[in-house]
Each structure stands twice: as structure tokens, then as C-alpha cells.
Amino acid sequence: GATPSSGSNGAPGAGLASLASPAAASGGGPLGGNSSVPVGTTFEDILPGEKVHVIVKSCYLVVANPLCELHGRLLVTNYRLKFQTPKGTLREELQWMREVSYFDVPMGTIEDIKDEKSVTAAGAIELKLKVSTKDFRTLVLLPKTEEDIRSTLQAVAAFGVPGNPTLLFAFKHAEAAWESRSGIQDIDGWTLYNPVQEYTRMGIETDLMPSPSSPWRMSKLNSDYGLCTTYPAVLAFPRNMSDQELRAVARFRKRGRLPSMSWCGGPELEYASLWRCSQTTEGLMGQKCNEDAALVECIRQGWKRGEADRDLLVIDLRPWKSAWANKAGGGGFEGYAKCRLVFGGIDNIHCVRDAWRAMGVAVANVTEGESGTWFKDVANSSWYDYLGAILGSCLKVVKEILEHRSSVMVHCSDGWDRTAEATSLSMLCLDPYYRTQAGFLLLIQKEWCSFGHRFRTRLALGEPLSGEFSPVFIQWLECVYQIVQYTPNAFEFSTSVLIRLAHEAFTNRYGTFLCDNERERSEKVSTFALSFWSILLRPEESITWRNPDYKPDGAAIVPNICQANYIIWEDYWWRYSPRGLKAQLARTSTAAAAP
């Protein structure tokens, strides 16, 4: 094991008593009868509903640079692992670790935890607990006993991967938070996205407002999720399509995800609109569906009804080779008359995961004071190539709608990963409402949560990592970051909220990201857990992520997709490093100095 250097943080046990004191109000029962946890054990930033279940009273944490061992204790709560050093003993060059909460690991962010046993050169047995996280941290802990390891692993299994989302921390947290804020009226984040109001705002026919000139209508055909289990209950379709025809289209599209409207430009843009769906199921034999062709033709014609001469732009977001491979497996794409099919060339979830990991390695390979291979490593990751492909598809959508007043349809294979990225980015560019603070959160709730992005599966929340793990949402957040850099004053929100979203998506603290679709969320989660939007929209919170230089502007944004203009999202990639902390402090002091 590593040898503590001469400036190690303190002698065993020094000052540990000062780290936490019992507080009867925050009582926490032990896990598995571990009576070593005093009732009411608490600490400074304990959350409502959080309880300490295991205390490893004495252990070391190995730091790689500079190589040393920090002495302290490990608390295991129903929310996180928390390593604490005795007050005043953390050496100066490691203070950044405390500042960036390096020692706080929410259960949802744990990617892997394993124990190792080895024999040192002196012949002593060394126990090791290695924690790898979904945000590129590695914590190597040296507990003293096998019982410490066993109780820690049991707690992580019980609270991190319980196999049932209702056992996650979000539910305990909400219960305690509601109790502590009784009488305080918060915005209910679960009701932020009201589909009827949103479709009415777009100028289409709804229960709230007749719109006889609109070619589109709101539909409750999926109100019981019988049409498509992974779609929202309220959808919008062409006025000319009957419910019977729509059911036939759903049977023809993969997983029932038929073309449905994401956004409409209203009368100002001649009702030009953006549609999303999954691939067809025609297969190599070319199975046809007349109703599907009719629906696509309705989208093409829009309000022009027989006078439209422009082909409908259909963006199949997949690389063309993948689309053909999917077709051989029973999938397909649109070969209809009057459709201009373009492939977006956006790689799949496995490529996203590999590129994201490669960026993590590129960051880990950087050593200040050495030349290194940063540019080569970033290029080899392909991360920014994938961002370029997504932004390129977004640009095609924006230009088609703005310049030609024509609708666009986009899809990938299932229509819940790449499709969500492309539609929501395009909507962010087209509609200034989504560039406000509330509008941005509504956009995520609508295009990601309600339309069935599989947050639980993609981020492995409450369940072990699988081959389906892929941080697609993180990729999208960086796309948003690039667009904000291009026109920062057009956004009411600052990029600090993107970091909070990237963090909270993994923590299991809120119900917002715990599910794979709207049905699951409404049946199992929304009544029992907090929406993250409720927190972010509190007045005292919203001010922390409001852009002071925001200048409301009704104009659309045409994104500049040239890679030479991209800026590395340092706040994300370097957030658990001294470099990231320095950049953050520099920004804070600049903002404070501004008039």
C-alpha cells in the first residue's frame, strides 16, 4: 500500500470526536444491527431523511498525487458514502478535495465497489475497498477489519441497488423534506409541464383553445398508455388522421412510437412543426403500412393541404450503415414519395459510453507541469465528433423550419435517445421560451422525461450497470453548453445549472430521473418523491443559476456547428480536480467584480 508521506493528515483517531455529534432530531437506525452507530449520529450537511447506518471508525484514504494516506472515518448513510478527516488536519495542497466534495459519493453515482486483500512487503495483510464512480472519481479506502468492509458493502447494496426504485433515498428525502417545510408553498415541479397549456401556446387545437386554421390537434388517445406505453398520455397529431388510423401506425412503428409532434411554430411559421418517432418495422421485405404513409404525407402538407410542393425532410439520426443493419433485423426507414431522407450519422449509446469513458481517461492523463497528450486523447475519444453530428442535425431542423416554413420529422431506432437530443436542441434554438429558466426545465420534462428517455436504465439508477448504461443526457447537456457559449445573452439560465443537472441525474435524491417513462413516473414516483424542478425554481435557488446578462430576444438561434468554435466543458470534465476548482473560483471573483 501507499506510505503516508511526512505531511499526512494526522495521527490515528486525532480529533475524530469533533466530526459529528449526536442529535436526537436526526436519528438513524443501524443497518443489520450494527450497534456501533449511536442513535442520532449526524454531521454538518446531513439532508432531510438521511441517516447514518454504518460508521467505519478508523480507516485511511489513499491519495495518488501527492502519494499519501489520509486518516479519517467513513460514514455510510442511506444517501452516500462520506469520508471525513479530523478538523484542521487536511494538508494544504489537498484542501481542494474538500472544496469540490470529492469525499462525498452519493449512492447513485457509485459505478463499482469491490474489496481486495493483499499482503504487504512486511508480511501484513492489507484490506482495501475500491470505489469507482460514474463521475470519474476513484476512492481507495484502507479499513482495519473485514467487518468494516462487509457492513459497507451490505449498505451500498441495500441503498444503492435495492432492485426496487421505491427503496431509493428520494422517497425518504421527500417525506422528511415535506414535513420540514410544512406550510411553505413551493412550485410543484411535477406540474411544470402541462401538455394542454404547452400545445395551446404553440397555436394548435386543444381543449383550452380552438384553432380552426391549425392542421394539428391535441389527442388523448394514449391517456391510458394503451397506444404506446413509453409515450406521454397527451400527444398531438394531424387533424386529418383518425384514431383508428393512428392505432395502425403505432403497430407499424417500433415499440408503438408513432410520429407525434414535439413543437409547432404556430401561424407565424405557417404551422411548420417538428415531429419525433421510432423507425418503421418494414424489414428487408419492405412491409408497407398505408396509414403510416398517410400520416407522413399529412405532416408534409401541413396547413397547405394539397398545395405543398416541398418534400418532407426526414432525418434518420443513425449512420446509414446502422440504419441498413437495423432494416435487416426488421427495422427500417422512410422510402416514401415526397420524403427527403437524410442520415444524421449520430452513433449509438455504446459509442457514446465509450467516448465518455475515453474523455474521462484523457482528463486523468493530464499532469500539470507536463506536456502530455491532451489534444490527441480528446481527438481519439471522438466525443466532440459525436457532439458535432448532433448539432449538425439540429442545424438542419432549424434551417428547414425557419427558411422554408416546412415541417421536419426525426427518429433514430427507438426514438428515445438520439431523437430526444435532436428535438430538444432544435426546440431550444427555435423557441425563446425554452431559453428561460422555467422553460428549460419544462423542455427536459417534456422531451426527455415524458417522451420516454430511459433515465433509470441509461444511468443505472437503483440497479447494477448493464450494457444499456450510457450517459446520453450528459452528452446533450454538453451540446446545450456549446450553444450557450455561442450566444450566452440569449439564455436566462447560466451554465451552472447544467452541472447541477449532470450531478443530480445520478444521485437518487429526486424523483425526476428515476424512471424510464411517464407512465412509470406517474404510477410509482411523482406522488412520493420531489421533482428537482420544485427545488430549482424556489426563489432563493433560481437566483443562483440566473444569467445576469440575459437579454430576452424573440429571434431563433442558428447554431454554429464548426468544431473550431467548441469550448471544452471544463466545469464538467474537471470538476473533481484542482484545475476545475481554480476555474470556478476565477469565474466567481470575475462575477463579483462586475458592476
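Up top you'll find the structure we're talking about.
Residues numbered from 1 in each chain as written. Predicted model: local features only at pLDDT ≥ 70, side-chain atom pairs only at ≥ 80, totals over all residues. Heavy atoms only, no water.

Draft legend 1. View of the overall build of the chain. Helix and strand counts for the chain come out as 20 helices and 14 strands. Here the C-alpha radius of gyration of the chain, 26 Å, is about what a compact globule of 595 residues would show, namely 25 Å. Considering only C-alpha atoms, the chain reaches an extent of 85 × 60 × 55 Å along its principal axes. A separation of at least 24 residues holds for 69% of the contacts in the chain among residues at least 6 apart in sequence. Total accessible area on the chain is roughly 24500 Å²; 53% of this is exposed by carbon and sulfur atoms. Taking the average place of the 63 positive charges on the side chains of the chain and the average place of its 66 negative ones, the gap between the two points comes to 2 Å. (Helix = DSSP H or I, 4+ residues; strand = E, 2+ residues; numbered from the N terminus. Rg over C-alpha atoms; globule rule 2.2 N^0.38 Å. Contact = heavy atoms within 4.5 Å. Areas by Shrake-Rupley, 256 points an atom, 1.4 Å probe, with all protein chains shown as cover. Lys, Arg positive; Asp, Glu negative; His and termini not counted. Charge placed at Lys NZ, Arg CZ, Asp CG, Glu CD.)

Draft legend 2. Structural view of a nonpolar patch on the surface. There is a patch of nonpolar side chains on the surface, built from L284, W320 and W324 and spanning about 380 Å² of accessible area. With respect to the helices and strands, W320 occurs in helix α7 (residues 320-328). (Patch = residues over 30% accessible without salt bridge, like charges linked within 9 Å, V, L, I, M, F, W, Y side chains within 5 Å. Salt bridge = Lys/Arg side-chain N within 4 Å of Asp/Glu carboxyl O.)

Draft legend 3. Region of the structure containing the pairing of strand β10 (residues 260-264). Judged by how many residues are buried, β10 sits mostly within the fold: 5 of 5 residues are covered. Of the strand pairs in this sheet, β10 and strand β11 (residues 273-277) are connected by 4 bridges, and their pairing is antiparallel. Bridging across to β11, W263 finds its partner in L274. (Buried < 20%, exposed > 50% of the residue type's maximum accessible area, 1.4 Å probe, protein only. Pairing = 2+ DSSP bridges.)

Draft legend 4. Fine view of the side chain of T41. Along the polypeptide, T41 turns up in the segment before β1 (52-63). A polar contact of 2.6 Å, which involves the side chain of T41, links it to the backbone oxygen of P38. (Polar contact = N/O pair within 3.5 Å; in protein donor to acceptor, adjacent residues only side chain to side chain.)

Draft legend 5. Expanded view of the sheet that holds strand β12 (residues 312-316). Read across the open sheet, the 5 strands follow the order β10-β11-β14-β12-β13; overall the sheet is mixed. Looking along the sheet, the strands with just one partner apiece sit at the ends: β10 and β13 (339-343). On average, each strand axis in the sheet is tilted by 25 degrees relative to the strand beside it, whichever way the strands run. With 4 bridges joining them, β12 and strand β14 (residues 408-411) adopt parallel strand pairing. The residue of β14 that forms the bridge with L313 is V408. (Axes fitted to C-alpha atoms, helices over the stretch in contact; angles between N-to-C directions.)

Draft legend 6. Representation of the nonpolar core in the model. F440, F473, W476, L501 and W573 are the most contacted members of the largest nonpolar core, which has 137 residues in total. It is helix α10 (residues 383-404) that provides the largest number of residues to this core, a total of 11 residues. Look past the residues within four positions of L501 in its chain and what remains in contact with it is F440, I444, F473, L477, F513, F532 and W533. (Core = buried A, V, L, I, M, F, W, Y, C linked by side-chain atoms within 4.5 Å.)

Draft legend 7. Region of the structure containing the pattern of salt bridges. Here the structure, examined in full by the defined rule, presents 41 salt bridges. The partner of D292 in a salt bridge is R253, with the nearest N and O atoms 2.9 Å apart. Of this pair, D292 sits in helix α6 (residues 290-301) while R253 is found in the loop between α5 (243-252) and β10, placing the two residues 39 residues apart along the sequence. For the residue pair D292 and R253, the accessibility class agrees, reading buried in each case.

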